[in-house]
Amino acid sequence: MTVVDFPSVEEALDAQVRPLLRIHGGGIAVVGVSAAGDIELEFEGACRACALKTVTYAIAVRQRLRELPGVRDVTVRGVNLSRAALDRVAAAYSAHPLMIAGPSQAMEDPL
Amino acid sequence: MLQHDVFVFDNVVHMYDLSDDNLVAPTSAVDRAGQLWIGAQRRGEPFRPLTDYVGADGYARRWTVEDLGSLLFDDGLTDMAMAQAVVLYDVYKDGFAPVQAQYEFAQAFPDRVMFCGGVDPMYPGKAGALAEMTRQVKEMGARSFKFYSGHVGEQSWRCDDRELAYPIWEHALDLGIEVVQFHKGFPITRAPLDTLTPTDIERPARDFPDLTFAIHHLALPYFEECVYIAARYPNVVLVLSGTMHLPFIAPWEFKMYLGRLLRDVGSDRLLWGSEAPLLGNPRPAIEWFWDMEIDEELQERYGFPQITETDKRRILGLNQARLFGVDVHDRTASTSTAS
């Protein structure tokens with residue numbers, strides 16, 4: 001069974017997401033990671049006040065983290081988006097991974 | 001190449017440099033870390049001084065030419081791209097997309113990437129900017145320049161400033177530059193919104209008819225101004241950068257923008273721009289755009305025209321090719337032969 005935990009999410013954010021958010025003065029913090037694989041995040045910096053934060057959330061953050069083994073869903077506090085929009089993103093990017101390099105093997109449960 | 005003969009020429013990609021040693025300290029630390037600190041306080045985390053958040057994620061690498069080349073040209077449906085410098089000197093020493101890094105990307109893919117330089121007349125000053133323009137054209141082969149006139153402090157400037165900006169447009173023409181480009185609309189720093197309205201493009205567009213002025217991001221939230229200026233001046237083109245991924249979130253909203261532009265500006269003055277690698281592989285956005293239509297309800301309610309295949313080909317690459325003198329026929333023929 002594959003599990004995702006707080007450190008592995010932090011590692012993925014550091015390697016894959018935060019560098020991109022930084023480009024526009026933004027950031028993201030982990031609020032919580034559930035045993036079932038649900039990740040709750042919070043935008044920081046410029047991302048909090050950006051009119052396009054839904055695009056950043058759905059593509060750059062949610063879709064990217066869903067490529068990690070064990071992740072069931074990703075939410076960001078204060079970002080409200082329809083299921084239809086999330087499904088469109090998932091369908092569009094399913095064949096085009098967003099991770100620029102493979103996540104750490106620490107994502108895999110050694111058991 | 002899309003559909004074997006649809007030429008895709010991405011107006012804007014960036015080689016980013018977010019490494020810590022590119023930061024201007026300590027003011028950039030405020031931009032990069034200040035609200036991270038606010039967020040931590042709001043969540044009730046134990047107090048840490050603001051300086052603890054500077055470079056907190058330890059990221060210290062530059063995006064490599066291999067990273068970006070692979071993203072665009074392996075599976076990204078992109079035939080050519082323009083690497084654009086963004087010289088935000090108030091936050092990053094070399095700008096967050098440094099001149100040198102864009103040049104190196106163009107050097108790595110000389111048949112596929114054009115170099116767009118960047119200068120700022122406030123950093124270090126007008127004379128320095130003019131000299132740097134000459135260097136970037138004559139020594140580095142710049143084909144265009146990108147300008148970012150809104151700043152955090154008091155260094156914002158207007159593109160219609162006759163003393164400061166007009167010499168830049170004159171010098172661009174002297175150097176053989178035909179297209180100058182502008183970040184307009186929402187700032188990517190704490191600069192106030194109104195430092196980046198597109199209204200300062202109107203006078204230079206009128207006074208320099210031989211120069212093409214490219215407005216990026218549809219100048220959102222100044223869309224109305226953007227449309228009216230483009231409608232009035234044939235030497236203004238609009239880059240869809242920053243909006244090309246909106247369809248996945250809000251397709252109707254994107255179609256409202258595009259339908260309006262097709263109706264009031266025309267498809268011959270709209271340019272595709274991905275901002276890669278910001279949102280990953282540009283392929284999904286290109287494919288969505290190729291398959292899209294302007295819904296009948298939009299045609300009925302607003303008089304928007306249906307988008308045609310010709311419109312899409314222009315927007316995805318032919319307009320950019322025309323502006324920069326690229327012979328598309330030769331490239332599509334060679335690609336067809338190769339495949």
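Nothing here was measured: the structure is a model prediction, and the numbers come from that model.

Conventions used here
Residues numbered from 1 in each chain as written. Chains lettered and ligands numbered in written order. Predicted model: local features only at pLDDT ≥ 70, side-chain atom pairs only at ≥ 80, totals over all residues. Buried ≥ 20, exposed ≤ 12 C-beta atoms within 10 Å, placed from the backbone. Helix = DSSP H or I, 4+ residues; strand = E, 2+ residues; numbered from the N terminus. Pairing = 2+ DSSP bridges. Right-handed = clockwise from strand over helix to strand, strands pointing away. Contact = placed C-beta atoms within 7 Å. Nonpolar A, V, L, I, M, F, W, Y, C, P; charged D, E, K, R; others polar. Axes fitted to C-alpha atoms, helices over the stretch in contact; angles between N-to-C directions. Parallel < 35°, antiparallel > 145°, perpendicular 65-115°, else oblique. Left-handed = near helix turned anticlockwise from the far one by under 90°. Expected span 1.5 Å × (residues − 1). Arc of directions from axis to C-beta.

A.B. asks: What exactly am I supposed to notice about the pairing of strand E7 (residues 236-239) of chain B here?
C.D. replies: It is a general feature of regular strands that their side chains alternate between the two faces of the sheet. Residue and element names in this part refer to chain B. Of the two faces of E7, both are covered, the one formed by Val 236 and Leu 238 as well as the one formed by Val 237 and Val 239. Bridge count for strand E6 (residues 212-216) against E7 is four bridges, and the pairing is parallel. The partner of Ala 214 across the bridge, within E7, is Val 237. Handedness of the β-α-β unit built from E6, helix H7 (residues 223-232) and E7 comes out right-handed. Strand direction decides the pairing type here: E7 and strand E8 (residues 270-271), joined by two bridges, are parallel. Among the inter-strand pairings, Leu 238 is bridged to a residue of E8, identified as Leu 270.

A.B. asks: Can you help me understand H7(B) in this one?
C.D. replies: Residues that lie three or four places apart on an α-helix share one face, since the helix turns once every 3.6 residues. Listed as buried for H7(B) are Cys226(B), Val227(B), Ile229(B) and Ala230(B). Looking at the buried positions of H7(B), the neighbouring elements they touch are helix H6 (202-207), E6, E7 and helix H9 (251-264) of chain B.

A.B. asks: It is not clear to me how the interface of chain A and chain B should be interpreted in this structure. Could you clarify?
C.D. replies: One frequently used descriptor of interface size is the decrease in accessible area upon assembly of the parts. On the chain B side, the residues contacting the 30 residues of chain A number 26 residues. Only helix H1 (6-23), strand E1 (26-33), strand E2 (38-45), helix H2 (53-65) and helix H3 (83-93) of chain A provide two or more residues apiece to the side of chain A that touches chain B. Of all the elements, H1(A) adds the most residues to the side of chain A that touches chain B, at six residues. Looking at the side of chain A that touches chain B residue by residue, the classes come out as 17 nonpolar, six polar and seven charged.

A.B. asks: Help me understand the environment of Arg64(A) in this model?
C.D. replies: Residues and elements named next belong to chain A. Its place among the elements puts Arg 64 in helix H2. Taking the C-beta count within 10 Å as the criterion, Arg 64 has 24 such neighbours and is therefore assigned buried. Between the C-alpha atom of Arg 64 and that of Asp 14, which follows or precedes it by 50 residues, the distance is 12 Å. Contact partners of Arg 64, with chain neighbours within four places excluded, come to Gln 16, Val 17, Leu 98 and Met 99.

A.B. asks: Sorry if this is basic, but what is going on with the packing of helix H4 (residues 126-138) of chain B against helix H5 (residues 166-174) of chain B here?
C.D. replies: Axes are the key here: two packed helices are described by the angle between their axes and the distance separating the axes. Residues and elements named next belong to chain B. Their axes nearest at 10 Å, the elements H4 and H5 cross at an angle of 15 degrees. Of the possible angle classes, the one that applies to H4 and H5 is roughly parallel. As for the relative orientation of H4 and H5, their crossing is right-handed in sense. Across the interface between the two elements, Lys 126, Ala 129, Leu 130 and Met 133 from H4 touch Pro 167, Ile 168, His 171 and Ala 172 from H5.

A.B. asks: How should the environment of Val137(B) be read in this particular structure?
C.D. replies: Residues and elements named next belong to chain B. Looking at the secondary structure, you find Val 137 in helix H4. The buried category is assigned to Val 137, around which 21 C-beta atoms lie within 10 Å. Taking the C-alpha atoms as reference, Val 137 lies 23 Å from Asp 207; in sequence the two are 70 residues apart. The contact partners of Val 137, leaving out residues within four places of it in the chain, are Ala 142, Leu 175 and Ile 177.

A.B. asks: For this particular structure, what's the right way to read the sheet that holds E6(B)?
C.D. replies: Picture the strands of a sheet paired through backbone hydrogen bonds; they go either parallel or antiparallel. All names here are of chain B. In space, the eight strands of this open sheet follow the order E1-E2-E3-E4-E5-E6-E7-E8, with parallel pairing throughout. Both outer strands of the open sheet, strand E1 (9-13) and E8, are each paired with one neighbouring strand and no more. In terms of strand pairing, strand E3 (residues 113-118) meets strand E4 (residues 144-147) through three bridges, oriented parallel. Along E4, the bridge assignment pairs Gly 117 with Phe 145.

A.B. asks: Please clarify how the sheet that holds E2(A) should be interpreted in this entry.
C.D. replies: All names here are of chain A. One open sheet holds the three strands; their spatial order is E1-E2-E3, and the pairing between them is mixed. At either margin of the open sheet sits one strand with a lone partner, and together these are E1 and strand E3 (73-76). The sheet shows a mean angle of 30 degrees between the axes of neighbouring strands, taken without regard to direction. Relative to E2, E1 is paired through seven bridges, and the arrangement is antiparallel. Following the sheet pairing, Ala 29 is matched in E2 by Glu 42. On the sheet, H1 packs against E1 and E2 and is oriented at approximately 160 degrees with respect to E1. Against the sheet, H2 makes contact with E1, E2 and E3, and its axis sits at roughly 150 degrees relative to E3, the strand it touches most.

A.B. asks: Would you mind showing me how to read H4(B) here?
C.D. replies: Residue and element names in this part refer to chain B. For H4, spanning 13 residues, the distance from its first C-alpha to its last is 18 Å, which sits close to the expected 18 Å at 1.5 Å a residue. Taken residue by residue, H4 has Ala 129, Glu 132, Met 133, Gln 136 and Val 137 as its buried positions. Taken down its axis, H4 places every buried residue within 130 degrees of arc, on the same side. When the buried face of H4 is taken as reference, the exposed residues oriented beyond 90 degrees from it are Ala 127 and Lys 138. Packing partners of the buried residues in H4 comprise helix H3 (99-108), E3, E4 and H5.

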